[in-house]
Structures are given as structure tokens and as C-alpha cells.
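# Summary of structural features
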Amino acid sequence: MIMMADEAKDAPKKERKVKTEPAKQVEAPVAAAPATAEQKPAQKKGGSKGFYHYIGEAWKDPDSDQMKQLMWQRLVDWRQEETFVRVDKPTRLDRARALGYKAKPGFVIVRVKVRKGGLRKHRIRKGRKPKRKGILKITMRKNIQRIAEERASKVYPNLEVLASYWVGEDGRHKWYETILIDPHNPVIKSDPKINWICSSKHHDRANRGLTPAGKKGRALVRTRGIGAEKVRPSLRAHNRKGT
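Summarised in this report is the structure supplied together with it. (Residues numbered from 1 in each chain as written. Predicted model: local features only at pLDDT ≥ 70, side-chain atom pairs only at ≥ 80, totals over all residues. Heavy atoms only, no water.)

## Some words on helix 3 (residues 65-79)
Taking 1.5 Å per residue as the helical rise, helix 3 with its 15 residues ought to reach 21 Å, and the 22 Å between its terminal C-alpha atoms agrees with that figure. Buried within helix 3 are the following residues: M67, M71, L75 and W78. Buried residues of helix 3, seen end-on, are gathered within an arc of 65° and therefore sit on one face of the element. Exposed residues pointing more than 90 degrees away from the buried face of helix 3 are listed as D65, Q69 and W72. The inward-facing, buried residues of helix 3 abut helix 2 (51-59), strand 2 (107-115), strand 3 (160-169) and strand 4 (173-181). (Helix = DSSP H or I, 4+ residues; strand = E, 2+ residues; numbered from the N terminus. Expected span 1.5 Å × (residues − 1). Buried < 20%, exposed > 50% of the residue type's maximum accessible area, 1.4 Å probe, protein only. Arc of directions from axis to C-beta. Contact = heavy atoms within 4.5 Å.)

## Considerations on the nonpolar core
The nonpolar side chains of a soluble globular protein tend to be buried with one another. Core analysis: the largest hydrophobic core is formed by 19 residues, its most contacted members being F107, L162, Y165, I179 and I181. Of all elements in the fold, only helix 3, strand 1 (84-87), strand 2, strand 3 and strand 4 reach the threshold of two or more residues within this core. A per-element tally of this core places strand 3 first, with four residues. Beyond its immediate sequence surroundings of up to four residues, I181 is in contact with G106, F107, L159, E160, L162, I188, I194 and I197. Membership of the second largest hydrophobic core comes to 14 residues, among which are V108, V110, I147 and Y176. (Core = buried A, V, L, I, M, F, W, Y, C linked by side-chain atoms within 4.5 Å.)

## Quick look at the packing of aromatic side chains
For the structure on display, the rule yields four aromatic pairs. Each ring, one from W59 and one from W166, has its centre 6.4 Å from the other, and the planes form 90°; the classification is edge-to-face. Linking W59 in helix 2 with W166 in strand 3, this pair joins segments that are 107 residues apart in sequence. Classification of W59 as buried rests on a relative accessible area of 8%. (Phe/Tyr/Trp six-rings, centres within 6.5 Å; stacked < 30°, edge-to-face > 60°.)

## A few points about helix 5 (residues 144-155)
With 12 residues, helix 5 should cover 16 Å at 1.5 Å per step; its first-to-last C-alpha distance of 17 Å lies within 8% of that length. The complete set of buried residues in helix 5 reads I144, R146, I147, A148, E149, E150, A152 and S153. Those residues of helix 5 that are buried lie in contact with strand 1, strand 2, strand 3, strand 4 and helix 7 (212-217).

## Observations regarding the environment of W72
By secondary structure assignment, the location of W72 is in helix 3. On the basis of relative accessible area, W72 is assigned to the exposed category, the value being 52%.

## A look at the pairing of strand 1
Put simply, side chains in a regular strand alternate between the two faces of the sheet. Because side chains alternate across strand 1, one face comprises the buried residues V85 and V87, and the other comprises F84 and R86, none of which is buried. Direction of pairing for strand 1 relative to strand 2: antiparallel, over a ladder of four bridges. Within strand 2, the residue paired with V85 across the bridge is R111. (Pairing = 2+ DSSP bridges.)

## Notes on the sheet that holds strand 3
The four strands are arranged 1-2-4-3 in an open sheet whose pairing can be described as antiparallel. Each edge of the sheet is formed by a strand with only one pairing partner; in this case those strands are strand 1 and strand 3. If you compare each strand with its neighbour and ignore which way they point, the axes differ by 25° on average. Looking at chain direction, strand 3 and strand 4 are connected through eight bridges and run antiparallel. Each residue of the ladder has a partner; that of G168, found in strand 4, is W175. (Axes fitted to C-alpha atoms, helices over the stretch in contact; angles between N-to-C directions.)

## Some thoughts on the pattern of salt bridges
Scanning the model with the defined rule gives nine salt bridges in all. Taking the shortest distance from any N to any O, the salt bridge between D191 and K102 comes out at 3.2 Å. Taken together, the residues span a long stretch of sequence, with D191 in the loop between helix 6 (186-189) and helix 7 and K102 in the loop between helix 4 (93-98) and strand 2 at a distance of 89 residues. For K102, a relative accessible area of 28% translates into the label partly exposed. Residue E169 pairs with K116 through a salt bridge whose shortest N-O separation is 2.9 Å. Here E169 is found in strand 3, whereas its partner K116 is found in the loop between strand 2 and helix 5, with 53 residues between them in sequence. On the basis of relative accessible area, E169 is assigned to the partly exposed category, the value being 32%. Beyond isolated ion pairs, a larger network of salt bridges with shared partners links E81, R111 and E177. (Salt bridge = Lys/Arg side-chain N within 4 Å of Asp/Glu carboxyl O.)

The following block contains the structure:
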């Protein structure tokens, strides 16, 4: 028994197995793939505004600090000019382009000066009450812008009036720039977007109220449906019983 106990002491001891967790593999960072045309981040709408937008914003308030000095100097120069002045480029580029102007042969810009106020009637020398003379407080149903277009059409009889827009005024006059088109120009005839004006239907269109200013004066712009039955085709067609 003693011999077996000594042999047991001399026997090698069994090593205990210790459970070890496998080493974690560290993954290398993967570079992000470049964004393709379909994966580009969405941009906010209305972020950038064009050049014409800022021109229009400046013309909304001609008396502002950035326009006041410029308009003052323009009116000083325009008063010394003639009634009809042909200009190379439109003063209000945004408004001219919106009305159909293009920088190509066949388009002409003319600045027209028109008097302000009501209808200037001469004083009657016959006997009647002063209030019955019919001089003051008598205005035309035709607006001044339409008068400017008609006068420009009379000075340039070979051109047709496309439209016009306001460019300035003082205490006595208003200035409008009129867009005129040569219907016989080959460039105008070959342009499908503007060659409609070459038709005989648009001959002398300024005096017939076919321009935007003329249609507005004839109550054809914002009047449709109920209440505007006697406006079309014209007031004369309904014995002047429309608006």
C-alpha cells in the first residue's frame, strides 16, 4: 500500500485544459464606392436663380437705392431725346424676353414718349357754363400704353407691333419700349415660333387691339364665363353693351 502511494505521488499530473476563445479577426476598413449618377444626393429645389430673376426683382421697385440714381439719370437723358428713339438692346431684358423678343434680325426696339394725364381738349369759345365745356376730367377708355403702340406703328408702317412694356415716367411723360417685328424678313418667316405674325390676320394689329395692352383694354384678359358674354368677339358686336 505504501509502495502504491509513492508511485501515485511520482506519477505525472494531468494538465487541465483551459478553454480559450478564438482570436477575433479585425476587418480592414473598406473605402466607400464613388457615387454614381443614380446614387447622387438629392439637391434642394429652387436653390439657384437665374440672371433674369434678379433683373425682375430690381425693376419691381424702381425707387430703391440701387435703381433710384440710375433711373434719375435715364430720365434726364430721355427728356432731351425725340419722341421715337430706336435702341439697340432692350432696357428691361427680362420683360422683353417674356413678351417674345429675340436678339436676331427682324426684331426692332423703339422707345416711345407719351404724355400723361387725361384727354387734352381745347377750350370752347362759345357761351356756356364752364362745367359744361367738357375740358377737365375727360379721359379716353384707351390706355396710354396702347396709344404708344399705335403711334409707333404709324411711324414704322412696314413693321408690326408685338408688345410693349413700361420703362419709366416723370410728372409729364411716360416712356414705353415697343417690340416691332418685320414680317417680310426671311429670318422671321423661317422661325416657327414667331412666323405667325406674318399672316394677314395680324396686319395693323396695334390699331385693332390685338396686342397684350390692347386685349387688356378690351377686357379680354381676366374676364371669362359668366358676366363676360358680351365682351367677345368685341364690344361693338354687342352694341357697346358689355363692360
